[in-house]
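One-letter residues, chain by chain:
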Amino acid sequence: MSWSEAMTLARAMEEGLRLVRHLGNTITPEPMVTLSRLPTPATAALLWGLSRVDAVRKTGAVGPGEPRALIDAMAAAAPGQTPTLLAIRP
C-alpha cells in the first residue's frame, strides 16, 4: 500500500465510522473507538504499517466480497453520504 492509498483508506474509514454513529450505533470494540479518534495521518500511518505485515496482506488477499457488501450496505443506509467509501469500493 502506498502512502496515498493509506490516506485514502483512512479517509474512507473515518467516513464509515461517522456514518455508523450518525445512524445511532455505537462503535465497538474499544480499539475501534480509539482508532476513530485518531487524526487522519495517524490512521494512515497505522494502515500503511499494517500493510507491510504478511498476515495482514494474506487476510486482505481473500477477496473483495466482504468490503464490497459492507460498502453497499452503508451506501444504501445513507444515500449520498458515502462518496469516499464508494470511491474505494472494489
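Basis of the calculations
Residues numbered from 1 in each chain as written. Predicted model: local features only at pLDDT ≥ 70, side-chain atom pairs only at ≥ 80, totals over all residues. Heavy atoms only, no water. Helix = DSSP H or I, 4+ residues; strand = E, 2+ residues; numbered from the N terminus. Buried < 20%, exposed > 50% of the residue type's maximum accessible area, 1.4 Å probe, protein only. Core = buried A, V, L, I, M, F, W, Y, C linked by side-chain atoms within 4.5 Å. Contact = heavy atoms within 4.5 Å. Patch = residues over 30% accessible without salt bridge, like charges linked within 9 Å, V, L, I, M, F, W, Y side chains within 5 Å. Areas by Shrake-Rupley, 256 points an atom, 1.4 Å probe, with all protein chains shown as cover. Salt bridge = Lys/Arg side-chain N within 4 Å of Asp/Glu carboxyl O. Arc of directions from axis to C-beta. pLDDT = per-residue confidence, 0-100. Polar contact = N/O pair within 3.5 Å; in protein donor to acceptor, adjacent residues only side chain to side chain.

A. Spotlight on the side chain of T82. Its location among the elements puts T82 in the loop between α5 (65-77) and α6 (83-88). For T82, a relative accessible area of 1% translates into the label buried.

B. Examining the nonpolar core more closely. The biggest cluster of nonpolar side chains holds five residues, and these are A6, M7, A10, A44 and L47. When residues of this core are traced back to their parent elements, those giving at least two are α1 (3-22) and α3 (40-50). Contacts of M7, omitting those with residues within four sequence positions, involve T40, P41 and A44.

C. Up close: a nonpolar patch on the surface. Among the surface-exposed residues, L38, L46, L50, V53 and V56 lie close enough to one another that they form a single nonpolar patch of about 350 Å² accessible area. When you line up the elements, V53 lands in the loop between α3 and α4 (54-60). Exposure remark for V53: the relative accessible area of 37% places this residue in the partly exposed category.

D. Summary view of α3. Along α3, the residues classified as buried are T40, T43, A44 and L47. Taken around the axis of α3, the buried residues stretch over an arc of 100°, which confines them to a single face. Tucked inside the fold, the buried residues of α3 contact α1 and α2 (30-37).

E. Looking closely at the confidence of the model for the protein chain. The predicted model of the protein chain has a mean per-residue pLDDT of 94, with 100% of residues at 70 or higher. The secondary-structure element of the protein chain with the lowest mean pLDDT is α4, recorded at 84, while α3 shows the highest, at 97.

F. Seen up close, the environment of M32. If you trace the backbone, M32 turns up in helix α2. Dropping the residues within four chain positions of it, M32 is found in contact with L17 and I27.

G. Geometry of the side chain of S36. Tracing the backbone shows S36 in helix α2. From its side chain, S36 meets the backbone oxygen of V33 in a polar contact 2.6 Å long. Leave out the neighbours within four places in its chain, and S36 touches L17 and R21.

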